[in-house]
Amino acid sequence: MSFRSIARDLRESFGSLSRRSFDVRLPGHYRGKSHGSFNDLSDQPLVIQNSRWANLPPELLYDVIRRLEESESTWPTRKHVVACAAVCRSWRSMCKEIVKNPEFCGKLTFPVSLKQPGSRDGTIQCFIKRDKSNLTYHLFLCLSPALLVENGKFLLSAKRTRRTTCTEYVISMDADNISRSSSTYIGKLRSNFLGTRFLIYDTQPCSNVPPPGRSSRRFYSKKVSPKVPTGSYNIAQITYELNVLGTRGPRKMNCIMHSIPAASLEPGGVVPGHPELLARSLEDSFRSISFSQSLDHSTEFSSTRFSEMARLSNENDNSKTRPLVLKNKAPRWHEQLQCWCLNFRGRVTVASVKNFQLIASTEAVAASAAPTTSQPVASDQDKIILQFGKVGKDMFTMDYRYPLSAFQAFAICLSSFDTKLACE
């Protein structure tokens, strides 16, 4: 049987499954659940488990999936790779072996890719669509180089909720059901009253994140991971510098990434992943199990908490677990235009105080590259890890790369949307 006939049979047998899994979504339309089919993929009918497809020789199966993965390299055709991983356990294991992480291939394939570091060789280009009427934000993967695109691959969504003492953004893998009680809830962003300090929370702990403090409250929810209690583990802190004098100029921001060590920027450095995701990255992408109870390990939002974080960060300065620190790249003043300018290389077209570029801080780069020469330090310092900017009404581009993940980059960009009267 030729590869063409096998691929044709695959499309006929599993085409409907792939269409349910990852539809290309229009930015203005969010009906349906883009990731909803993942909740049912682990419960395949027995007829599939015992079919001829499930019993293909490993050599032939490897060749089929490898060729399909190479040919279907972009969305929406890449949904066929997802369909292959949903056939049965043997196909899923083979896909896990063939499909590389975004860090090495620069492609987002499975939902677990959203929490894995971006590409080392270039940026992953995305855009954010804001809906002011219902306070929601939707992240899409760019499918074309055009800035004002009409379609994109849906990735994440967030909903803004204003509380008495803070603002909270709930982040979900579902375009419509943006709730902490949903099985697609993966984290949140919370600010202080002034909107100058933010904490990013993940539902699953990272290996290098210290144990959380006292629990602020309990909540009941379905969980993304079937074996790990869903909680709120602080993975990053974002701070916007106060503008005491009220002078005009760009915002100054600082990000402490507790889940990313500064050593990850060294040659051969890596970003520790979620311990639970490392062993079952694909398994967790295809199932969701409900639990009756789960702890919210987030701590109370207060200045004392931020002081404690700063102290812990300073104590770890000389250790390998020292967190990565990002800062916004300083713009230059353009005399002819009479404005502050940054080179976004054509990816941003509208001037806005929300626009920014993040690079590793000088101290972080110098510390991680201390044993080497000073030449790599300069190049690493100038490398833009995340850039965000406006291209139209309620349309923004978001380009990120290693060591940030799509989830982390999206949360950082959400902080820029929040009102900051004390910073402007």
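Here is what the cut-offs are and how they apply
Residues numbered from 1 in each chain as written. Predicted model: local features only at pLDDT ≥ 70, side-chain atom pairs only at ≥ 80, totals over all residues. Heavy atoms only, no water. Helix = DSSP H or I, 4+ residues; strand = E, 2+ residues; numbered from the N terminus. Buried < 20%, exposed > 50% of the residue type's maximum accessible area, 1.4 Å probe, protein only. Arc of directions from axis to C-beta. 1 Å grid on protein atoms, 1.4 Å probe; cavity = no way out; pocket = protein on both sides within 12 Å on 5 of 7 lines; lining within 4 Å. Points joined across faces, edges and corners; volume = space filled by probe spheres on them. Nonpolar A, V, L, I, M, F, W, Y, C, P; charged D, E, K, R; others polar. Polar contact = N/O pair within 3.5 Å; in protein donor to acceptor, adjacent residues only side chain to side chain. Phe/Tyr/Trp six-rings, centres within 6.5 Å; stacked < 30°, edge-to-face > 60°. Salt bridge = Lys/Arg side-chain N within 4 Å of Asp/Glu carboxyl O. Pairing = 2+ DSSP bridges.

Student: How do you make sense of unusual backbone geometry when you look at a structure like this?
Tutor: Excluding glycine, residues mostly carry a negative phi; peptide bonds, for their part, are mostly trans. Residue proline 76 follows tryptophan 75 across a cis peptide bond; omega there is 10°. Position of proline 76 relative to the elements: it lies in the loop between helix H3 (58-71) and helix H4 (79-85). Proline 403 follows tyrosine 402 through a cis peptide bond whose omega is 10°. Considering the arrangement of structural elements, one finds proline 403 in the loop between strand E19 (395-400) and helix H12 (406-417). Look at arginine 345: it is not a glycine, yet its phi comes out positive at around 55°. Topologically, arginine 345 is positioned in the loop between strand E16 (339-341) and strand E17 (356-360).

Student: Looking at this structure, I do not really get helix H5 (residues 89-98). What am I missing?
Tutor: Spacing of three or four residues puts side chains on the same side of an α-helix, whose turn is 3.6 residues. For H5, the set of buried residues is Trp91, Arg92, Met94, Cys95 and Ile98. Along the axis of H5, the buried positions cluster into a sector of 165°, meaning they face one direction only. Turned more than 90 degrees away from the buried face of H5 sit Arg89 and Glu97, all of them exposed.

Student: Any chance you could explain the layout of surface pockets here in plain terms?
Tutor: Empty pockets left among the atoms are what a rolling probe the size of a water molecule brings to light. Estimated volume of the largest pocket: approximately 640 Å³. When contributions to the lining of the largest pocket are tallied by element, the ones reaching two or more residues are E16 and E17. Looking at side-chain class alone, the lining of the largest pocket contains 14 nonpolar, 9 polar and 5 charged residues.

Student: Just to check I follow, could you spell out the side chain of serine 259 for this structure?
Tutor: Take serine 259: it is sitting in strand E11 (residues 253-261). Of the polar contacts made by the side chain of serine 259, one reaches the side chain of glutamine 408; its length is 3.1 Å.

Student: Hey, could you run me through the packing of aromatic side chains in this one?
Tutor: Two descriptors summarise a pair of aromatic rings, namely the distance from one centre to the other and the angle between the planes of the rings. For the structure on display, the rule yields 9 aromatic pairs. Aromatic side chains phenylalanine 198 and tyrosine 240 sit 5.9 Å apart centroid to centroid with 70° between the ring planes, which places their arrangement in the edge-to-face category. Separated by 42 residues along the polypeptide, phenylalanine 198 in strand E7 (residues 197-202) and tyrosine 240 in strand E10 (residues 233-240) bring together distant segments of the chain. Just as phenylalanine 198 is buried, tyrosine 240 falls in that class too. Taking 5.6 Å as the distance between ring centres and 35° as the angle between the ring planes, the aromatic pair formed by phenylalanine 356 and phenylalanine 388 counts as tilted.

Student: Would you explain the pattern of salt bridges in this entry?
Tutor: Side chains that differ in charge, positive against negative, can pair when their charged atoms come close. All chains considered together, the criterion is met by 13 salt bridges. Arginine 66 is the salt-bridge partner of glutamate 70, the closest N and O atoms lying 3.3 Å from each other. In this pair, glutamate 70 and arginine 66 are both assigned in helix H3, 4 residues apart and thus about one turn of the helix distant. On the basis of relative accessible area, glutamate 70 is assigned to the partly exposed category, the value being 48%. Residue arginine 66 is classed as partly exposed on the basis of its relative accessible area of 27%. Between aspartate 202 and lysine 115 there is a salt bridge, with its nearest N and O atoms 2.4 Å apart. You can see aspartate 202 sitting in strand E7 and its partner lysine 115 sitting in the loop between helix H6 (102-105) and strand E2 (124-131), a full 87 residues away along the chain. The same class applies to aspartate 202 as to lysine 115, namely buried. Taken together, the shared-partner salt bridges connect Asp63, Arg66, Arg67 and Glu70 into one network.

Student: So what exactly am I meant to see when it comes to the pairing of strand E14 (residues 323-328) here?
Tutor: Note on strand geometry: in a regular strand, side chains alternate between the two faces of the sheet. Of all 6 residues in E14, 5 are buried; the element is thus mostly enclosed. Pairing geometry for E11 and E14, over 5 bridges, is antiparallel. Within E14, the position partnered with cysteine 255 by the bridge is leucine 326. By the bridge criterion, 3 bridges tie E14 to E17 in an arrangement that is antiparallel. Within the sheet, the bridge partner assigned to asparagine 328 lies in E17 and is leucine 358.

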